[in-house]
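# Examination of the molecular architecture
The chain contents come next:
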Amino acid sequence: MADPEQTDPDQANRGGEPRLRFRTDEASDEPAITLDAFLEGQTNATAVRLEAGDDARALLGHLDKVALVEVSFPTFRDGRGYSAARILREGGYTGELRAAGDVLVDQLPLMRRCGFDSFAPEAEIDAAALERALTRYDYRYQKAADAAVPVWKLRHG
Amino acid sequence: MYKYDQYDQRIVDARVDEFRDQVQRRLSGEMTEDQFKPLRLMNGLYLQLHAYMLRVAVPYGTLDSRQMRMLGHIARKYDRGYGHFTTRQNIQYNWIKLEDAPDILAELATVEMHAIQTSGNCIRNISSDQFAGAAADEVADPRVWAELLRQWSTFHPEFTYLPRKFKICVIAADEDRAAMRLHDIGIQLVERDGVLGGRVFVGGGMGRTPMIAPEIRDFVTADDLLSYVEACLRVYNRYGRRDNIYKARIKILLHEIGADEYRRQVEEEFVAVKALGVDPPKAEFDRIAAMFAPPAFDAAASAGVDRSDPDFAVWLDQNVSAHKQPGYAVVTISLKPIGGIPGDASADQIDVMATLAERYSFDELRVTHAQNIVLPHVAQADLYTVWQALTEAGLAEANLDLISDIIACPGLDYCSLANARSIPLAQKIASRFADANRQRDLGELKLKISGCINACGHHHAGHIGVLGVDRKGTENYQLLLGGSGAEDVSLGKITGPGFDEDGVVDAIERVTDRYLAERAEGERFLDTYRRIGMEPFKEAIYG
């Protein structure tokens, strides 16, 4: 992995381009606006950025107008974005859901399970380590926002 | 007890592989210590004062002889021949090398054990009543619920980076042997109109701001358990404080918004989560419950014990409890020999306990939050033989719930957070009260020592609590009276100015002397304290 010190976050996220994307549709190149700006309604923007403390539920009435939600992870220790992702997916959001910021390889499998399908990490993620992380677990105990079938369902059908 | 199937085993094996990979990336410098820290913590690996400490999970404190022997093997092979049983019903090893940790996890995985989530800001090992399945007063075996929660919480994708650690406890009796209401979530199983459900308490805890959990829901059935708890956690994950590590536990959130507002938010979230289908079907509950079916007790087992050996009779009265099955008994093995380290057991002692469990307790052992070991299902006819074997192994101290049955954190001898030593103080107190008759005369007296305000030694819940602090560079001990972690839960109050190590032992003696002078017939220390209050004790201590 590259030395994180040498990776400029602005460079990494220039134009909102994600480094890792698990979608087949075309990526949005629109810069994301703040939740407040979006909710004011004076905009045609379809890309919204949620800060860690923003209430994802505020977006639920507007999901048909949104194509990209970028959720900020100011530090990898701040786990609020995992709940934001679940709430959006549970609310029926099917657009691009991007984790941006201090996103590390060991968190990525959990984020995928919460519904993130796009990632803009500040520091480069080693492709081999990511491949190992994403394929390591065959089974999951819980039902979450991904397609994984929980173990209890495998046990009982 | 619970046995892994192929799914459980594959998940634990994958974790070994994952952690080996993470350690490798750390050792090669690919990962910084800052990045590695939360990952190793989620695998129970702490950096202490002198070495790494590895905490191994003992789910709800239950294990079999094969697992117990593995714990002894690890003590022998990777540590200095000892294991330390903890207040979270786990075991920890204090002298571990980082590069050995993946191999230790691989060995643990061969006996269905792991160190998953024994630390870190995630959902920790689920704790429970050490008498589960044996207690006459339980409405059901709480471990079935605890196992449902164990699986649900293992690598929960949403709740692995919580504001702070999160501890859940499940009990099923009115008598609380597990300090249920001092957990982030405490669940007490109750029966209502023939249906089993849980009373849910949220926001208890010790630490620097101790709180007793208020009841948040009076009844949740097993069908709704996981979605309800998921809702409880989601509200916390979203709104728990992250600006100050000392205010990040869920108890602070409850304190700040109030139990009513928290309850309202959880109910709202519960409606959303319930619709997702996160609750397993009844068949899964039944599958787990079948594994906790009572062992094949001998219905003809004879009741009654020959008490002619007076030393045995003393141990019998102190360390043996009633069992729900006629002819059987519950044995608590004290890991508190006078002058010993509370909770420590040598590899050889661990082996002895494993063998006794295999022969005399249907292959089961329990770890208690008071840092003792339980043989839950011993035929009364075997008690004398068991006692003899324990005596030979130095494990027959007859002091359960007496003043020398001390809970103590590792303190400044090991822990990098500690302000004061806990272990030498515990040894001094136990030695001062070593006289067996004197201890028994004092009766039930739960003494708990923490070496700093994080309260790992549960000092807030001690009938007598001791808190070690740093006062201008020297160790100083504050004394607390009147706490309880049981069904009569309460938080201790500080007596006044602190003491040095010898001074606090003297102060404790003045407190117990005053108790003996004041007690009414049948009163425990705690009862007398509650009746007469702090003043007489203050007067005895400070004159």
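Because the structure is predicted, anything quoted here is derived from the model rather than measured. (Residues numbered from 1 in each chain as written. Chains lettered and ligands numbered in written order. Predicted model: local features only at pLDDT ≥ 70, side-chain atom pairs only at ≥ 80, totals over all residues.)

### Thoughts on the overall build of chain A
Per the secondary structure count, chain A includes 6 helices and 6 strands. Helices (α) and strands (β) of chain A occur, in sequence order from the N terminus, as α-β-β-α-β-β-α-β-α-β-α-α. A total of 157 residues make up chain A; the buried ones form 42% of that total. Of the contacts formed within chain A by residues at least 6 apart in sequence, a portion of 54% connects residues at least 24 apart. (Helix = DSSP H or I, 4+ residues; strand = E, 2+ residues; numbered from the N terminus. Buried ≥ 20, exposed ≤ 12 C-beta atoms within 10 Å, placed from the backbone. Contact = placed C-beta atoms within 7 Å.)

### Considerations on the nonpolar core
Grouped together as the largest cluster of nonpolar side chains are 204 residues, with contacts concentrated most on Val69 of chain A together with Trp145, Val202, Cys232 and Met353 of chain B. Of all the elements, helix α6 (residues 225–239) of chain B adds the most residues to this core, at 9 residues. Those residues in contact with valine 202 of chain B that lie beyond four places of it in its chain are Ile185, Ala213, Ile216, Cys232, Ile250, Leu254 and Tyr262 of chain B. (Core = buried A, V, L, I, M, F, W, Y, C linked by C-beta atoms within 7 Å.)

### Description of the interface of chain A and chain B
The accessible area lost on association of the parts is a frequent measure of interface size. Taken together, the contact between chain A and chain B spans 29 residues of the former and 36 residues of the latter. Elements represented by at least two residues in the side of chain A that touches chain B include exactly α3 (80–90), α4 (108–114), α5 (127–135) and α6 (151–156) of chain A.

### Brief notes about the domain arrangement of chain B
Domain boundaries assigned for chain B yield domain 1 (6–109), domain 2 (134–289), domain 3 (310–392) and domain 4 (407–542). One C-alpha centre belongs to domain 1 of chain B, the other to domain 2 of chain B, and the line joining them spans 26 Å. (Domains from an automatic or database assignment.)

### Section: the sheet that holds strand β6 (residues 127–128) of chain B
Residues and elements named next belong to chain B. With mixed pairing, 5 strands are arranged side by side in an open sheet as β6-β7-β8-β9-β10. In this open sheet, the two edge strands, each paired with only one partner strand, are β6 and β10 (215–221). For β6 and strand β7 (residues 168–171), the ladder comprises 2 bridges, and the chain directions are parallel. Among the inter-strand pairings, serine 127 is bridged to a residue of β7, identified as cysteine 169. Across the sheet, helix α5 (residues 143–153) lies against β6, β7, β8 (185–192) and β9 (195–202), angled at about 155 degrees from β7, the strand it touches most. Where α6 meets the sheet, its contacts fall on β8, β9 and β10, and the angle it forms with β10 comes to roughly 155 degrees. (Pairing = 2+ DSSP bridges. Axes fitted to C-alpha atoms, helices over the stretch in contact; angles between N-to-C directions.)

### Observations regarding the confidence of the model for chain B
When pLDDT is averaged across chain B, the result is 96; 100% of the residues are at 70 or more. Predicted complex metrics record ipTM = 0.94 and pTM = 0.95. (pLDDT = per-residue confidence, 0-100.)

### Brief notes about the environment of methionine 534 of chain B
Residue and element names in this part refer to chain B. Within the secondary structure, methionine 534 is located in the loop between α16 (525–532) and α17 (535–542). In sequence terms methionine 534 and lysine 493 are 41 residues apart; their C-alpha atoms lie 8.3 Å from each other. Apart from the residues within four sequence positions on either side, methionine 534 is in contact with Leu481, Lys493 and Thr495.

### Comments concerning helix α3 (residues 65–78) of chain B
All names here are of chain B. For α3, with 14 residues, the first-to-last C-alpha span of 20 Å sits near the 20 Å given by 1.5 Å per residue. Residues of α3 that are buried include every one of Ser65, Gln67, Met68, Arg69, Met70, Leu71, Gly72, Ile74 and Ala75, and no others. Buried residues along α3 sit against β3 (62–64), β4 (82–85), β5 (91–96), α4 (101–109), α11 (347–360) and β14 (364–367). (Expected span 1.5 Å × (residues − 1).)

### What to know about the pairing of strand β3 (residues 47–50) of chain A
All names here are of chain A. What you see with β3 is no split at all: Ala47 and Arg49 on one side and Val48 and Leu50 on the other are buried throughout. In terms of strand pairing, strand β2 (residues 33–34) meets β3 through 2 bridges, oriented parallel. Following the sheet pairing, threonine 34 is matched in β3 by arginine 49. Tracing the backbone out of β2, into helix α2 (residues 35–40) and back to the parallel element β3 gives a crossover that is right-handed. Looking at chain direction, β3 and strand β4 (residues 68–73) are connected through 4 bridges and run parallel. The residue bridging leucine 50 from the neighbouring strand is valine 71, located in β4. (Right-handed = clockwise from strand over helix to strand, strands pointing away.)

### Examining unusual backbone geometry
Residues and elements named next belong to chain B. Phi angles above zero are rare outside glycine, and glutamine 89 is one such case at about 65 degrees. Along the chain, the position of glutamine 89 falls in the loop between β4 and β5. Classification of glutamine 89 as buried rests on a count of 26 C-beta atoms within 10 Å.

### Regarding the packing of α5 of chain B against helix α9 (residues 282–291) of chain B
Residues and elements named next belong to chain B. One can describe the packing of α5 onto α9 by two numbers: an axis separation of 9 Å at closest approach and a directional angle of 125 degrees. The orientation of α5 relative to α9 falls into the category oblique. In the packing of α5 onto α9, the handedness of the crossing is right-handed. Contact residues: α5 offers Val144, Glu147 and Leu148, while α9 offers Phe285, Ile288 and Ala289. (Parallel < 35°, antiparallel > 145°, perpendicular 65-115°, else oblique. Left-handed = near helix turned anticlockwise from the far one by under 90°.)

### So, the confidence of the model for chain A
Confidence in the prediction of chain A, expressed as mean pLDDT, is 88, and 89% of residues score 70 or more. Ignoring residues within four places in sequence, the model shows residues 1–15 of chain A, a span with pLDDT below 50, making 18 contacts including any to other chains.

### Structural notes on the sheet that holds strand β20 (residues 493–494) of chain B
Residue and element names in this part refer to chain B. One open sheet holds the 5 strands; their spatial order is β16-β17-β18-β19-β20, and the pairing between them is mixed. Taken across any chain shown, the strands that pair with only one partner, and hence form the sheet edges, are β16 (407–408) and β20. Across 2 bridges, the pairing between β16 and strand β17 (residues 447–450) is parallel. Bridge pairing in β17 links isoleucine 407 to lysine 448.

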